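Observations on the model geometry
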Amino acid sequence: MAPVLDAKDFQADRPQSLNSDGSSSHTTSTFSSSSDQHLDNGYQSGLRSPSDSGSSTKSAPDFIVALYGCTGYGDSALRPSMGSGSSSSTQSASAAAAFRVSSPPTSPSGAGGGGGGAWDSSGSMLTWDEDAETVLLAWAVVDAKLNKVVVVEDCLVRPGRDAQSPHVLSEAFRAQSGLAEEAVKSSSFTLASAVQQFQETIRTHTNGSIVLVTLGCELIRQQLLPECAQRGIVLPAYFYSFIDLLDGTAASARRSPSVANGTESLAGLMENNRLPVTSPEICPEFGKRHAQDMGRLIQYMVHSGCDFSAAQKITQRYEPGLCKADQSLDGCVVRARGLPWQASDLDVAKFFHGLDIPRGGIALCLSTNGRRNGEAVVLFSTQQQRDLALQRHRHHMDKRYVEVYKGVAEDFQLVTGGEILRNFLLFGKYSNG
């Protein structure tokens, strides 16, 4: 194991964004708090992201960016689901942990081989609240070559839909973070301008390749990508490639087993590596405090020789066609029920935006008269992606909520086989797109 460093070994220069009294300020230019707008797509900045290179050769990034974010529930928006498709108003303290270790029981109807959504150990259904809005973003930029934190910033994000709601933050999250309802509601940043602030920081403080680092995959896959797509906010290409510090399997591949070690929190990661956690007295801002600690942890990992070149890649566009013959089906299939009758495979892909669906992984089910019946069988690239899809049970497509159930390999094989035969008979070609 690499030698454990003292806090002084990671003592970066105090970033300009953190005042000496610990109060909030921003070093980059001020942005308008007007309604969401079309943003720079990231290619104009001249940065090279992993998805831009077109090469399979992996190289270490020049800059590592720790990204932390919260909804009004905290850093997880998994909610016990109500029967009507609405979400509980109270935070389930064990929601994130319960999702990782549980699986849906068998559906009474037997449809799809399992119940809808994900389930906790007490039998409560857990879904990612589609109405949850991002209220906080914070980040720390680490120069990987110098192993130095160059900037730490945060933004409170004014909610859009829930601005008039008396409670933007859950009681548990207010107590945990010390954030005030009025501070969030009166913030000058919308989600669009907060993302633009982040992009401006990247342009100002980096001059090479970057990789994002998060605590869990949900911030990007379940929250930011779907929320930004819904609001018409175009995220830079580097949001589609990231490293999850809580992914134990990936940690082993990075030669950093002591970093993850089964923990599911930043405090656990810091404790595992005997790194001090920043106290509220030193840094009162909840977001900056987390970003600062993530930056220090990344410095430790860089010092220990951890590999930051192997990042998760997110599928940006669904590609219709035939699945690869070697594509694994076991544990990777869901059934989606309640789709609008006119929904296409691209509409289904949009519903699952942020998750990885391989080429030809969406098959629309047909009734006996050959018309779409409002159901689809969807194949995901891995079981983890399938599990994330189950969290979108009862999310909405247009004005209809869609039920998402566990599927089995035979479901996908049966539906795609019928589609291929039908297309061949009608059009003289093999295709399920």
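Small disclaimer: the values here were computed from a predicted structure and weren't measured. (Residues numbered from 1 in each chain as written. Predicted model: local features only at pLDDT ≥ 70, side-chain atom pairs only at ≥ 80, totals over all residues. Heavy atoms only, no water.)

1. Some thoughts on the nonpolar core
Short version of the rule: Here the nonpolar core consists of buried residues drawn from Ala, Val, Leu, Ile, Met, Phe, Trp, Tyr and Cys, with membership extended through side-chain atoms lying within 4.5 Å. Any residue under 20% of the maximum accessible area for its type is buried, any over 50% is exposed, and the rest in between are partly exposed; the area is computed with a 1.4 Å probe on protein chains only. Numbering goes from the N terminus for both helices and strands, where a helix is a DSSP run of H or I of at least four residues and a strand is a run of E of at least two. The criterion used for residue contact is that any of the two residues' heavy atoms lie within 4.5 Å.
One finds Phe198, Leu212, Phe239, Leu339 and Phe352 to be the most contacted residues of the largest nonpolar core, which totals 53 residues. The greatest single-element share of this core, amounting to six residues, is contributed by helix α4 (residues 191-205). Ignoring anything within four residues of it in the chain, the contact list for Phe352 reads Val334, Ile357, Val378, Phe380, Ala389, Arg392 and Val404.

2. Some remarks on the pairing of strand β5 (residues 134-143)
Strand residues, when the strand is regular, have side chains that alternate between the two faces of the sheet. Basically, it comes down to this: Pairing between strands requires that DSSP locate at least two bridges from one strand to the other.
When you tally the buried positions in β5, you get 10 out of 10 residues, the bulk of the element. Sheet analysis places strand β1 (residues 63-71) next to β5, joined by nine bridges and oriented antiparallel. Its bridge partner being in β5, Ala66 is matched across the sheet by Ala140. The sheet contact formed by β5 and strand β6 (residues 148-156) spans eight bridges and is antiparallel. In the sheet register, Asp143 faces β6, and the bridge partner there is Lys148. Taken together, β5 and the strand that follows it, β6, pair antiparallel across an intervening segment of four residues, in which Asn147 is found at a positive phi of about 50°.

3. Notes on the layout of surface pockets
This is how the line gets drawn: Buriedness of a pocket was judged along seven lines, with at least five required to meet protein on both sides within 12 Å; pockets are open sets of points on a 1 Å grid over the protein atoms alone, cavities are sets where a 1.4 Å probe fits but cannot get out, and lining residues have an atom within 4 Å of a point. Grid points are joined across faces, edges and corners, and a volume is the space filled by probe spheres set on the points. Charged residues are taken to be Asp, Glu, Lys and Arg, nonpolar residues to be Ala, Val, Leu, Ile, Met, Phe, Trp, Tyr, Cys and Pro, and polar residues to be all remaining types, Gly included.
By volume, the second largest pocket is sized at about 570 Å³. Lining the second largest pocket we find 23 residues, and of these Pro226, Gln230, Lys350, Phe351 and His396 sit closest to its centre. Of all the secondary structure elements, the ones that give two or more residues to the lining of the second largest pocket are α5 (218-230), α10 (345-351) and β13 (395-397). Residue composition of the lining of the second largest pocket, by class: eight nonpolar, seven polar and eight charged.

4. A closer look at the sheet that holds strand β7 (residues 210-214)
Taken in spatial order, the six strands make up an open sheet running β6-β5-β1-β7-β8-β9, and their pairing is mixed. The sheet is open, and its two borders are formed by β6 and β9 (312-313), each paired with just one other strand. Across two bridges, the pairing between strand β8 (residues 241-244) and β9 is antiparallel. Paired with Ser241 across the strands is Lys313, a residue of β9.

5. Points about the pattern of salt bridges
Put simply, the rule reads: Take a side-chain nitrogen of Lys or Arg and a carboxyl oxygen of Asp or Glu: if they are within 4 Å of each other, that pair is a salt bridge.
All chains considered together, the criterion is met by 13 salt bridges. Measuring nitrogen to oxygen at the nearest pair gives 2.9 Å for the salt bridge that ties Arg174 to Glu181. Between Glu200 and Arg203 there is a salt bridge, with the nearest N and O atoms lying 3.2 Å from each other. In this pair, Glu200 and Arg203 are both assigned in helix α4, three residues apart and thus about one turn of the helix distant. Among the residues examined, Arg203 registers a relative accessible area of 32% and is labelled partly exposed. Each of Glu133, Glu227 and Arg231 takes part in a single network of salt bridges with overlapping partners.

6. Re the confidence of the model for the protein
Close inspection of predicted coordinates is inappropriate in any region flagged by low pLDDT. In plain terms, the rule: The pLDDT value tells you how sure the predictor is about a given residue, anywhere from 0 up to 100.
Here the protein averages 76 in pLDDT, and 68% of its residues register 70 or above. The least confident element of the protein, judged by mean pLDDT, is helix α1 (residues 95-101) at 28; the most confident is β5 at 98. Segment residues 1-57 is flagged for pLDDT under 50; beyond a separation of four residues in sequence, or across chains, it makes 120 contacts in the model. Within the model, pLDDT remains below 50 along residues 82-114, and this stretch shows 69 contacts once partners closer than five positions in the same chain are excluded.

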